[in-house]
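Okay, here's what each chain looks like letter by letter:
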Amino acid sequence: MKVNVAMLGMGNVATGVYKTILQNKDIILHRDNVEFNIVKILVKSLDKERDPAIPSEILTDDINEIINSDSIYLVVELMGNINPTLEYVSALLEKGISVVSANKDMISQHWPHLEACAKEGGSGLYYEASVGGGIPIIKTFLDSLQSNKIKKLCAIINGTTNYILTKMTDDAVPFETALNVAQEKGLAEPDPTSDVEGYDAKYKLSILASLAFHSKIPVSKIYCEGITGILPQDIQYGKNFGYIIKLLAIGKREGNDIEVRVHPAFIPERHPLASVRDAYNAIFIEGDAVGQLMLYGQGAGASPTASAIISDMIVASQTAIHKYTTFENVDVPSSQITFIDNWTCEFYIRLIVTDEPGVLSKVAAIFAKHSISLESVVQKSIGHSEVPIIFITHRAKEKDVKNALSEMKASGAIIDIASLIRVER
Ligand code: HSE
């Protein structure tokens, strides 16, 4: 079966898709009886120098040549961003042209609209590459875990921050130094905001949690905190407690209570996610039937992302009646769902106090007043009167911990709250 395809965008990943299709043409034809014929590629500039494998005669800078074509069945969107991508993809879907996209920003924030356009046009919307690069996590939720109630997902879905945190852990360097190395290696963008502030992981979690919990999880309901405030001394202190730091995307569901959050967290060094180093991604899932499951792989890069894109292209080409999400894909989730913002976990807290009698008892009394039980307390002697004390709590409520710390600060019992890092198990 010959399938006419257009591509939107011709950057690094798109070039990877083009070349992988050429390179693995025979296996795709032999296994799946599909032959992709790339007939148009939308680019911003026709004059830009490109990989010689890309034929210049199929380049266009006019989207209408693709939208108005009667022979194009499938479009691969790799332009990124929301404007004008959303407008183009909406028009294609409404016209009945299926779209394969890696655009997590667009899918997570405009999914209900895009799905409505696809239903209207009878086209398909495929997004395996939007989360976890080459890791087949979307298909795992859609096609393999249907019989499970997913209780929890805990994921490392941003390679840039995982690389930075690995570097800070191994070399005991500050955030800025590790970020510079990531930028030099081309792992971090020149403007790293979306990655280091956790926004990229938040968009991806919105997609994953919606599939996992079978309910639309809007981006706006996800608590988000990035890694810019992580200090190398806390990573080293954490090591002494047997912890490794990661930027986690966490989703939990109990009945109709859902908690979704992205933030740095310590995890025990024996946790399966602790071994996920450098720019790798992994998604750890707990289902009531399957138990614990972890998928690990490359979350970005031309080749791994091409693997996911081409898989979607094959499915889209072989599907006569496209499937849509089976949950209610609406901007405002059902009123039966409660989003929990006062979650429970353990906490690592580093306070700066004056090294004098009675300080510890004052601090301990405030923790006790807020129902926070302590697992361990370590004072680090640094040779002067202001010293750090590190507390690891037992499981406690987020708001109780925040209130206790505010009270300590206001009462003058402590000099400063140096760090607060959640501990997940
Ligand atoms: N910037 C992302 C990451 C890759 O660092 O994981 C694309 O989603």
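Residues numbered from 1 in each chain as written. Predicted model: local features only at pLDDT ≥ 70, side-chain atom pairs only at ≥ 80, totals over all residues. Heavy atoms only, no water.

Remarks on unusual backbone geometry
Part 1: Geometrically, the link from Asn83 to Pro84 is a cis peptide bond, its omega value of 0° lying close to zero.
Part 2: The residue Pro84 is located in the loop between strand 4 (74-77) and helix 4 (85-95) in this model.
Part 3: The backbone phi angle of Asn33 is positive, close to 55°, even though this residue is not glycine.
Part 4: In this structure, Asn33 sits in the loop between helix 2 (25-32) and strand 2 (35-42). (Helix = DSSP H or I, 4+ residues; strand = E, 2+ residues; numbered from the N terminus.)

Thoughts on the domain arrangement of the protein
Part 1: Domain annotation for the protein reports domain 1 (2-126), domain 2 (137-298) and domain 3 (344-423).
Part 2: Of note, the centres of domain 2 and domain 3, computed from C-alpha atoms alone, are 26 Å apart.
Part 3: In this complex, domain 2 contributes 17 residues to the contact, which on the side of domain 3 involves 15 residues.
Part 4: Regarding the contact of domain 2 and domain 3, the summed buried area is about 1,300 Å², with carbon and sulfur atoms giving 57% of it.
Part 5: Taken as a group, Tyr237, Phe241 and Phe266 account for 42% of the area that domain 2 buries against domain 3, more than any other trio of residues on that side.
Part 6: Note that Glu225 and Arg422 form a salt bridge whose closest N and O atoms lie 3.2 Å from each other.
Part 7: Linking domain 2 to domain 3 there are six residue pairs in polar contact (both at pLDDT 80 or more).
Part 8: Within the residue set of the side of domain 2 that touches domain 3, elements represented by two or more residues are helix 11 (232-240), strand 9 (243-254) and strand 10 (257-268).
Part 9: For the side of domain 2 that touches domain 3, a count of residues per class yields ten nonpolar, four polar and three charged. (Domains from an automatic or database assignment. Contact = heavy atoms within 4.5 Å. Buried area = accessible area lost by both parts, 1.4 Å probe. Salt bridge = Lys/Arg side-chain N within 4 Å of Asp/Glu carboxyl O. Polar contact = N/O pair within 3.5 Å; in protein donor to acceptor, adjacent residues only side chain to side chain. Nonpolar A, V, L, I, M, F, W, Y, C, P; charged D, E, K, R; others polar.)

Quick look at the packing of aromatic side chains
Any pair of aromatic rings gets described here by the distance separating the centres and the angle formed by the planes.
Part 1: Counted under the stated rule, the structure contains nine aromatic pairs.
Part 2: Ring centres of Phe241 and Tyr348 lie 6.5 Å apart, and the angle between their planes is 85°; this geometry places the pair in the edge-to-face category. Placement of Phe241 in the loop between helix 11 and strand 9 and of Tyr348 in strand 14 (residues 344-354) is noted, with a sequence separation of 107 residues between them.
Part 3: On the basis of relative accessibility, which here comes to 25%, the residue Phe241 falls in the partly exposed class. (Phe/Tyr/Trp six-rings, centres within 6.5 Å; stacked < 30°, edge-to-face > 60°. Buried < 20%, exposed > 50% of the residue type's maximum accessible area, 1.4 Å probe, protein only.)

Let's talk about the pairing of strand 4
Here is the key point about a regular strand: its side chains alternate between the two faces of the sheet.
Part 1: Of the two faces of strand 4, the one holding Leu74 and Val76 and the one holding Val75 and Glu77 are both buried throughout.
Part 2: Bridge count for strand 1 (residues 2-8) against strand 4 is four bridges, and the pairing is parallel. Across the sheet, Val5 pairs through a bridge with Leu74, a residue of strand 4.
Part 3: Two elements, strand 4 and strand 5 (residues 98-101), share four bridges in a ladder whose sense is parallel. Its bridge partner being in strand 5, Glu77 is matched across the sheet by Ser101.
Part 4: In this view, the connection linking strand 4 to its parallel neighbour strand 5 by way of helix 4 has right-handed handedness. (Pairing = 2+ DSSP bridges. Right-handed = clockwise from strand over helix to strand, strands pointing away.)

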